[in-house]
Amino acid sequence: RCERALYYRARLERDLGNRDDAATFYARLLRVNPDHATARDELKEITRPGGAAGAATPSHQTGLWARIKGLFGGSR
C-alpha cells in the first residue's frame, strides 16, 4: 500500500524489461492512488501495442547497482 514502494518496484521491473510485472505494480499503485499521473502514463505506455519495452539501454548491458541508483535520482 506504500505508493513510493509500488512506484519504485514498477520502475525497477520496467527497467529490467519485465513489462508484465511492471504493469502489475503500476496498476496496484493506481488502485492505491488513482490520481498518480506518472503511473497512469507508464501503464498506458507499456501496455499499448508496440509500447516501450523497458529501459533505453538493455538491462543486460547495465549493472544492477547502476539501475537501482537510477531509480533513486542518480543518472542512468
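Small disclaimer: the values here were computed from a predicted structure and weren't measured.

How each quantity is defined
Residues numbered from 1 in each chain as written. Predicted model: local features only at pLDDT ≥ 70, side-chain atom pairs only at ≥ 80, totals over all residues. Heavy atoms only, no water. Helix = DSSP H or I, 4+ residues; strand = E, 2+ residues; numbered from the N terminus. Buried < 20%, exposed > 50% of the residue type's maximum accessible area, 1.4 Å probe, protein only. Contact = heavy atoms within 4.5 Å. Areas by Shrake-Rupley, 256 points an atom, 1.4 Å probe, with all protein chains shown as cover. Core = buried A, V, L, I, M, F, W, Y, C linked by side-chain atoms within 4.5 Å. Salt bridge = Lys/Arg side-chain N within 4 Å of Asp/Glu carboxyl O.

Of the regular secondary structure elements, the protein holds four helices and zero strands. Counting all 76 residues of the protein, 29% fall into the buried class. Put simply, of all contacts in the protein between residues at least 6 apart along the chain, 51% involve residues at least 24 apart. By element, 50% of the accessible surface of the protein is carried by carbon and sulfur atoms, the whole surface being about 5000 Å².

Soluble, globular proteins show a tendency: their nonpolar side chains are buried together. By size, the foremost hydrophobic cluster in this structure holds twelve residues: Leu6, Tyr7, Ala10, Ala22, Ala23, Phe25, Tyr26, Leu29, Leu30, Ala39, Leu43 and Ile46. When residues of this core are traced back to their parent elements, those giving at least two are helix 1 (3–15), helix 2 (19–32) and helix 3 (37–47). When residues in this core are grouped by element, the largest group, six residues, is from helix 2. The residues touching Tyr7, leaving out its near neighbours within four places in the chain, are Tyr26, Leu29, His36 and Thr38.

What follows deals with the pattern of salt bridges. Enumeration over the complete set of coordinates arrives at four salt bridges. Residue Arg9 is joined to Glu13 by a salt bridge in which the shortest nitrogen-to-oxygen separation is 2.9 Å. Separated by four residues within a single helix, Arg9 and Glu13 lie in helix 1, roughly one turn from each other. Arg9 gets classed as partly exposed once you look at its relative accessible area, which sits at 39%.

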